[in-house]
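Observations on the model geometry
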Amino acid sequence: MLKAFVNAFRTPDLRRKLLFVLLIVVIFRAGSQIPAPGVNVANVQSCLNDQESGIYNLINLFSGGALLQLTIFALGIMPYITASIILQLLVVVIPRLEALKKEGQAGQTKITQYTRYLTLGLALLQATGIVALARSGNLLQNCNQDLLHSNGTQTFLVMVITMTAGTAVIMWLGELITERGVGNGMSILIFCQVVATFPSAMWQVGQQQGWWTFGVVLAIGMVIVAAVIFIEQAQRRIPVQYARRMVGRKMFGGSSTYIPLKVNQAGIIPVIFASSLLYLPAMAVQFNQNSDSEWISFVSKYFVTGDHPLYMALYFGLIVFFTYFYVSITFNPNEVADNMKKYGGFIPGIRAGKPTEDYLSYVLSRITAPGALYLGLIALIPLIALVLIDANQNFPFGGTSILIMVGVALDTVKQIESQLQQRNYEGFLR
């Protein structure tokens, strides 16, 4: 593997791409450390030291810890992720967007443009909410200090505009990596933000729980990483045979291929959906902390900390539900069966048309079940660790963090490996 890295840097054009990605990552991480105008850095750092696990953990994870520090890149990549998910869902619902998707590259360019506009709109809304919480003192729990130097309207507007502009810059940096670097730009930026919080989380486990616990956590983490890699690579390959056909004087077809159905077909989207849905009641509590309502007390007890069995059961159930929901809208057995029939393809032993559609639906539902259970268990690992080791932060190995790190790392390594193999070098995986 080290030899493969050396070969990658020996190739001039691949070396330029890798160095360009590293440069963008350095710029991105620098922007995640620069505080927005008007932020009282000393008070923010003082409150962060006493901060416990709160409702903004997922958003803070995607921003690499920049959200709670109120930096210029505080929103991170989250608005873009949310906009992309919304557009994916709308493509299924709105016929106009579905038609654009079928137009190929031109249609996809239009959808990408809509995603950018929606990202800026969501960034404006999120920045307004975050700055309003910071101004009212409800952003960080157990914090009685002023997070901003001034609570005036001018400071408020400058911070909102700065954070929204920061999201636009992040989008631009991600697209630069996709065009001129290696791998998917947005995925690599997410990977960097998640990895940025990893060393501090591990160090905190060692300091609070002892270095023996640190070693145990590290060993368990390695096992979890190996299991996640195994599941992420697992797939069910459905064989497809194409009949021969004569076009003019040439014979086409007669080839064999397969339809790869991954065990985790939905990726981390169900975890994001479930987390976002459970954020809503917790955010309502943030704006009504002084209320004596029984409903507010119930939500504060069961939904804010995330370590109650009721919260865990509801979280697990929502992940399973959203896994089936997302797979059903992204993989259409009817469309796949029609395309196979149109081009003369068939599954051996299965008739074309409706029987093929039924067979694909049956296989998809069976393979989605272990995928949904796997996602639910991985997402619960940080919550279970929070109870067992009584940590004040999320468990480093588990949840969205480990899924993102493994998924993006595997995809990027495969892309570098394919470019190495084009130049007759060995890849990373033998």
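Criteria and thresholds
Residues numbered from 1 in each chain as written. Predicted model: local features only at pLDDT ≥ 70, side-chain atom pairs only at ≥ 80, totals over all residues. Heavy atoms only, no water. Helix = DSSP H or I, 4+ residues; strand = E, 2+ residues; numbered from the N terminus. Contact = heavy atoms within 4.5 Å. Areas by Shrake-Rupley, 256 points an atom, 1.4 Å probe, with all protein chains shown as cover. Pairing = 2+ DSSP bridges. Salt bridge = Lys/Arg side-chain N within 4 Å of Asp/Glu carboxyl O. Axes fitted to C-alpha atoms, helices over the stretch in contact; angles between N-to-C directions. Parallel < 35°, antiparallel > 145°, perpendicular 65-115°, else oblique. Left-handed = near helix turned anticlockwise from the far one by under 90°. Core = buried A, V, L, I, M, F, W, Y, C linked by side-chain atoms within 4.5 Å. Buried < 20%, exposed > 50% of the residue type's maximum accessible area, 1.4 Å probe, protein only. Phe/Tyr/Trp six-rings, centres within 6.5 Å; stacked < 30°, edge-to-face > 60°. Expected span 1.5 Å × (residues − 1). Polar contact = N/O pair within 3.5 Å; in protein donor to acceptor, adjacent residues only side chain to side chain. Arc of directions from axis to C-beta. pLDDT = per-residue confidence, 0-100.

1. Quick look at the overall build of the protein chain
Helix and strand content of the protein chain: 17 helices and five strands. In the protein chain, 71% of the contacts between residues at least 6 apart in sequence involve partners at least 24 apart. Total accessible area on the protein chain stands at roughly 22,100 Å², and carbon and sulfur atoms take up 61% of it.

2. Quick notes on the pairing of strand β1 (residues 235–242)
Relative to strand β4 (residues 256–262), β1 is paired through seven bridges, and the arrangement is antiparallel. Bridge assignment links isoleucine 238 to a residue of β4, and that residue is isoleucine 259.

3. Some words on the sheet that holds β4
Sheets are built from strands paired through backbone hydrogen bonds, the pairs being either parallel or antiparallel. Read across the sheet, three strands follow the order β4-β1-β5 without closing on themselves; strand pairing throughout is antiparallel. Looking at strand neighbours, the two that pair on one side only are β4 and β5 (345–346), the edges of this open sheet.

4. Thoughts on the environment of valine 363
Relative to the elements of secondary structure, valine 363 occurs in helix α16 (residues 354–388). Expressed as a C-alpha distance, the spacing of valine 363 and isoleucine 238, which sit 125 residues apart in the sequence, is 9.1 Å. Those residues within four positions of valine 363 in sequence are excluded, and the remaining contacts are Arg236, Ile238 and Leu261.

5. Some words on the pattern of salt bridges
Scanning all chains against the criterion turns up three salt bridges. Across the pair arginine 116 and glutamate 175 runs a salt bridge, and its minimum N-O distance is 2.8 Å. Taken together, the residues arginine 116 in helix α8 (residues 105–136) and glutamate 175 in helix α9 (residues 153–180) connect sequence positions 59 residues apart.

6. Topic: the packing of helix α11 (residues 211–233) against helix α17 (residues 399–422)
In a packed pair of helices, the relevant descriptors are the angle between the two axes and the axis-to-axis distance. Contact pair α11 / α17: the axes reach a minimum separation of 10 Å and the direction vectors enclose 60 degrees. Our classification of the angle between α11 and α17 gives oblique. The crossing of α11 and α17 is right-handed. Between α11 and α17, the residues in contact are Val225, Val228, Ile229, Glu232 and Gln233 and Ile402, Leu403, Val406, Leu410 and Lys414, respectively.

7. Here we look at the nonpolar core
Core analysis: the biggest nonpolar cluster contains 67 residues, and Ile77, Val228, Leu261, Tyr315, Ile378, Ile402 and Leu403 have the highest contact counts within it. Ranked by residue count, the leading element in this core is α16, at eleven residues.

8. A few points about the packing of aromatic side chains
Counted under the stated rule, the structure contains six aromatic pairs. Of the aromatic side chains, those joined through ring pairs into one cluster are Phe273, Phe321, Phe322, Phe325 and Tyr326.

9. Focus on helix α14 (residues 309–330)
Its 22 residues place the ends of α14 32 Å apart at the C-alpha level, agreeing with the 32 Å of an ideal helix rising 1.5 Å per residue. Restricting attention to buried positions, one finds in α14 the residues Tyr311, Met312, Tyr315, Leu318, Ile319, Val320, Phe322, Thr323, Tyr326 and Val327.

10. Comments concerning the environment of arginine 16
Within the element layout of this structure, arginine 16 appears in helix α2 (residues 12–31). What makes arginine 16 exposed here is its relative accessible area of 56%. Sequence separation between arginine 16 and arginine 180 is 164 residues, and the spatial gap between their C-alpha atoms is 9.0 Å.

11. Here we look at the side chain of threonine 119
Residue placement: threonine 119 occurs in helix α8. Among the residues examined, threonine 119 registers a relative accessible area of 0% and is labelled buried. A polar side-chain atom of threonine 119 sits 2.7 Å from the main-chain carbonyl oxygen of threonine 115. Excluding anything up to four places from it in sequence, threonine 119 contacts Pro79, Tyr80, Ala83, Thr167 and Met171.

12. What about α2?
Its 20 residues give α2 an end-to-end C-alpha distance of 29 Å, which sits within 8% of 28 Å, the value for a rise of 1.5 Å per residue. Those residues of α2 that fall on the buried side of the exposure criterion are Leu14, Leu18, Phe20, Val21, Ile24, Val25, Phe28 and Gly31. Across the axial projection of α2, the buried residues extend over an arc of 155 degrees, all falling on one side. Turned more than 90 degrees away from the buried face of α2, the exposed residues are Arg16 and Val26.

13. Thoughts on the environment of aspartate 338
Secondary-structure assignment places aspartate 338 in helix α15 (residues 333–342). On the basis of relative accessible area, aspartate 338 is assigned to the partly exposed category, the value being 41%. Put simply, aspartate 338 and glutamate 357 are 19 residues apart on the chain and 8.4 Å apart in space, counted from C-alpha to C-alpha.

14. A look at the packing of α8 against α9
As a packed pair, α8 and α9 sit with axes 9 Å apart at the nearest point and diverge in direction by 140 degrees. Between α8 and α9, the crossing angle belongs to the class labelled oblique. α9 is crossed by α8, and the crossing has right-handed handedness. For the pair formed by α8 and α9, the contact residues are Arg116, Thr119, Leu120, Ala123, Leu124, Ala127, Thr128, Val131, Ala132 and Arg135 on the first element and Thr153, Phe156, Met159, Val160, Met163, Thr164, Thr167, Ala168, Met171 and Glu175 on the second.

15. Considering the confidence of the model for the protein chain
Residues with a pLDDT of 70 or more make up 83% of the protein chain, whose mean pLDDT is 81. Across the protein chain, α9 holds the top mean pLDDT of 92, while helix α4 (residues 57–62) sits lowest at 63.

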